Structure formats: C-alpha cells, structure tokens
Amino acid sequence: MTIASSRQHPSSIFVSHGSPDLVLHNTDAKRFLEGAASDFPRPHAIVSVSAHFETAIPTIVTDPSPEMIYDFRGFDSRLREIVYSAPGSASIGEKISALLSEAGIDHDTIEKRGFDHGTWVPLSLLYPQADIPVVQLSVQPH
C-alpha cells in the first residue's frame, strides 16, 4: 500500500491484515492499526496493492465508486455488513498508468472492481472516515 503523503514524496508501507476478522476483535494488531495513521502525514491518496487481486499484468482499477468484495468464507457473518466507502480515482489511476508506461511496463486498467478484504480490512482501521481516494493495483504472483 502506498500512502501518498505529498505529491513530491510518496511513502510506502507494508500492512499485513492477517485474518479478515481482525476488524471485529480487540487485539494488539487492531489497536496498532487504529493508531498507526497518526504516525504519517495525512495522504491525499492511497494506492493499495493487495495480494487478493492477482492478474497476468499489472492492472489498475479506475472505478470512481468501488463496491465491496467479501472474498472469504467461513468467517463471522458481521464482516459482510462492513462497507468501506472510500472513493476511487480515475485521475490517480491515469497517473499510475503513465508512470508504468514511462517505465516500459505493460499494464492494463479495469473500470469496475470493488475493494477486496486486503484493501478494506486495514484501511477501515487506519482511515475509518473512508474519505481518502483509494486506487487498487494488482499483483502478479508468477
């Protein structure tokens, strides 16, 4: 996940969300994530690279209003009631696309794809107001 704290100096952090039900239980990990955002300047955007979004080539989500993906089973049913309503951003997606092009990296865009739990679980704890644009970028496990 990249936390773009300023246009000149984006920051990157790795956030392991563990189990999706992290958001439901009062654990050290949950409390850490709930307070961690105060250690960073408030970002103007977040790029989430989730292990739960795999594609053959890097793919950028340009959806302005991503819905939720509940990509798990066997967990507490209350998780399916959580909605992380942060906006997406086509313009930030375009900037990512331009950077990948400049680097000579073949990539694609997808217009509609919701937030998977690798994105919404940690962000719902880090930035619960859901008022920072979030753009997802896929991984290539191969």
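Fair warning: this is a prediction, and the values are worked out from it, not measured in the lab. (Residues numbered from 1 in each chain as written. Predicted model: local features only at pLDDT ≥ 70, side-chain atom pairs only at ≥ 80, totals over all residues. Heavy atoms only, no water.)

Draft legend 1. Representation of the nonpolar core. Counting residues in each nonpolar core, the largest one holds 23 residues, and the members touching the most others are Tyr84, Trp120, Leu123, Leu126 and Tyr127. For this core, the secondary-structure elements that each account for two or more residues are α1 (28–36) and α3 (117–126). With 5 residues, the single largest contributor to this core is α3. Val47, Ile60, Ile96 and Leu137 belong to the second-largest nonpolar core, a separate cluster that totals 8 residues. (Core = buried A, V, L, I, M, F, W, Y, C linked by side-chain atoms within 4.5 Å. Buried < 20%, exposed > 50% of the residue type's maximum accessible area, 1.4 Å probe, protein only. Helix = DSSP H or I, 4+ residues; strand = E, 2+ residues; numbered from the N terminus.)

Draft legend 2. Fine view of the environment of leucine 22. By secondary structure assignment, the location of leucine 22 is in the loop between β2 (11–12) and α1. Sequence separation between leucine 22 and alanine 51 is 29 residues, and the spatial gap between their C-alpha atoms is 17 Å. Among residues more than four places away in sequence, those in contact with leucine 22 are His17, Thr27, Ala29, Lys30, Leu33, Val121 and Leu125. (Contact = heavy atoms within 4.5 Å.)

Draft legend 3. Spatial organisation of the packing of α1 against α3. Close contact between α1 and α3 brings their axes to 6 Å; oriented N to C, the two are set at 65°. From α1, Lys30, Leu33, Glu34 and Ala36 reach across to α3, where they touch Pro122, Leu125 and Leu126. Classifying every residue of the contact of α1 with α3 gives 5 nonpolar, no polar and 2 charged. (Axes fitted to C-alpha atoms, helices over the stretch in contact; angles between N-to-C directions. Nonpolar A, V, L, I, M, F, W, Y, C, P; charged D, E, K, R; others polar.)

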